[in-house]
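Given next are the chains, with one letter for each unit.
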Amino acid sequence: VQDSLMNRNVLLMSGGPGSGKGTQCEKIVAKYGYTHLSSGDLLRAEVASGSERGKQLQATMQKGELVPLDTVLEMIKEAMIAKADVSKGYLIDGYPREVKQGEEFEKKIGAPALLLYVDAKAETMVKRLMKRGETSGRADDNEETIKKRLDLYYKATEPVIAYYEKSGIVRKINSELPVDEVFAIVEKAIDELK
Ligand SMILES: Nc1ncnc2c1ncn2[C@H]1C[C@H](O)[C@@H](COP(=O)(O)OP(=O)(O)O)O1
Ligand SMILES: [Mg+2]
């Protein structure tokens, strides 16, 4: 475990696709100065670089499947270390996606201080993603892939939340509410940390 990384708060942002993770992360970064690490963004940046690894990742992501465990964790860890000097804390968005990833995270990086679980109904998430797809340019914001991502979320990612319940760090947040109301609940959870 990296001491240099874990003397700052590490927050996990969890929730289904389209639940509002990215939206809330942006607001947390603005208020608290945490470093936002979105596993999806890191992966999409790798794809955009055109590297061999990026090409393989693109094929996987387009199918709505999860990319290999070690690849994502390595990328997150590299990004954390790169920001270690300036970071007030880390906000990890969209990781871990499955219990095994959570276990690896604990082993290679450390124990998170808080898991924010932004929770919205499937119907709401689909609606938001279809809307986002009109402008996002994301290859996975289409009806067929959205359905697969939701299925995978319920199967693989919800157990992650149960896994962290045991350590008492989970805060469930109703993200059916308007963005600012969701953020008010998020703020409370973070302020309670200090
Ligand atoms: N509380 C909220 N109410 C209404 N729309 C929201 C919302 N939170 C996010 N959205 C919108 C913004 C995006 O277009 C879309 C998906 O949000 P996002 O932050 O990109 O989700 P995620 O990162 O969890 O996939 O929904
Ligand atoms: Mg996102």
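Residues numbered from 1 in each chain as written. Chains lettered and ligands numbered in written order. Predicted model: local features only at pLDDT ≥ 70, side-chain atom pairs only at ≥ 80, totals over all residues. Heavy atoms only, no water.

### Some points on the packing of helix α2 (residues 21–32) against helix α9 (residues 179–191)
Phase 1 of the analysis: Two numbers describe how α2 lies on α9: the axes approach to 10 Å, and their chain directions differ by 55°. Judged on the interaxial angle alone, α9 and α2 are oblique. Regarding α2 and α9, the two cross each other, and that crossing is right-handed. Where α2 approaches α9, its residues Thr23, Gln24, Lys27, Ile28, Lys31 and Tyr32 are matched on the opposing element by Val179, Asp180, Val182, Phe183, Val186, Glu187, Ile190 and Asp191.
Phase 2 of the analysis: Residues that form the contact of α2 with α9 fall into these classes: seven nonpolar, two polar and five charged. (Axes fitted to C-alpha atoms, helices over the stretch in contact; angles between N-to-C directions. Helix = DSSP H or I, 4+ residues; strand = E, 2+ residues; numbered from the N terminus. Parallel < 35°, antiparallel > 145°, perpendicular 65-115°, else oblique. Left-handed = near helix turned anticlockwise from the far one by under 90°. Contact = heavy atoms within 4.5 Å. Nonpolar A, V, L, I, M, F, W, Y, C, P; charged D, E, K, R; others polar.)

### Thoughts on the site of ligand 1
Phase 1 of the analysis: Close to ligand 1 lie 15 residues, the nearest being Gly18, Lys21, Thr23, Arg132 and Leu177.
Phase 2 of the analysis: In the model, a nitrogen atom of ligand 1 is placed 3.2 Å from a nitrogen or oxygen of the Arg128 side chain.
Phase 3 of the analysis: Within the backbone of Leu177, an N or O atom sits 2.9 Å from a nitrogen atom of ligand 1.
Phase 4 of the analysis: Summarising the interface, the protein chains cover 74% of the accessible area of ligand 1, which totals 540 Å² for the free molecule.
Phase 5 of the analysis: Judged by its atoms lying within 2 Å of the grid points, ligand 1 is housed in the largest pocket.
Phase 6 of the analysis: Going through the elements one at a time, α2, α7 (122–136) and α9 are the ones with two or more residues in the shell around ligand 1.
Phase 7 of the analysis: Tallying contributions element by element places α2 first for the shell around ligand 1, with three residues.
Phase 8 of the analysis: Residue composition of the shell around ligand 1, by class: five nonpolar, seven polar and three charged. (Near = heavy atom within 4 Å. Polar contact = N/O pair within 3.5 Å; in protein donor to acceptor, adjacent residues only side chain to side chain. Areas by Shrake-Rupley, 256 points an atom, 1.4 Å probe, with all protein chains shown as cover. 1 Å grid on protein atoms, 1.4 Å probe; cavity = no way out; pocket = protein on both sides within 12 Å on 5 of 7 lines; lining within 4 Å. Sits in = over half its atoms within 2 Å of the grid points.)

### Considering the UniProt feature "binding site: ATP" (unreviewed entry) in the protein chain
Phase 1 of the analysis: In the UniProt entry, the feature "binding site: ATP" (unreviewed entry) is given for Gly18, Ser19, Gly20, Lys21, Gly22, Thr23, Arg132 and Leu177. Put simply, the named residues that line the largest pocket are Gly18, Ser19, Gly20, Lys21, Gly22, Thr23, Arg132 and Leu177.
Phase 2 of the analysis: The topology assignment puts Ser19 in the loop between β1 (9–14) and α2.
Phase 3 of the analysis: When its relative accessible area of 2% is taken as the criterion, Ser19 is described as buried.
Phase 4 of the analysis: Contact partners of Ser19, with chain neighbours within four places excluded, come to Val118, Ala120, Met125, Arg128 and Ser175.
Phase 5 of the analysis: Residue placement: Leu177 occurs in the loop between β5 (170–174) and α9.
Phase 6 of the analysis: On the basis of relative accessibility, which here comes to 29%, the residue Leu177 falls in the partly exposed class. (UniProt positions renumbered as here; feature names shortened; annotations may be inferred. Buried < 20%, exposed > 50% of the residue type's maximum accessible area, 1.4 Å probe, protein only.)

### Quick look at the UniProt feature "binding site: AMP" (unreviewed entry) in the protein chain
Phase 1 of the analysis: Sequence positions flagged by UniProt for "binding site: AMP" (unreviewed entry) are, in local numbering, Ser39, Arg44, Glu65, Leu66, Val67, Gly94, Tyr95, Pro96, Arg97, Gln101, Arg138 and Arg149. For this annotated set, covering 111 residues, the C-alpha atoms extend up to 24.0 Å from each other, a dispersed arrangement in space. Checking the named residues against the largest pocket, the ones that line it are Ser39, Arg44, Glu65, Leu66, Val67, Gly94, Tyr95, Pro96, Arg97, Gln101, Arg138 and Arg149.
Phase 2 of the analysis: Relative to the helices and strands, Arg44 resides in helix α3 (residues 39–48).
Phase 3 of the analysis: Given the relative accessible area of 26%, Arg44 is considered partly exposed.
Phase 4 of the analysis: With sequence-adjacent residues up to four places away left out, Arg44 is seen in contact with Ser38, Met61 and Arg138.
Phase 5 of the analysis: Within the element layout of this structure, Arg149 appears in helix α8 (residues 143–165).

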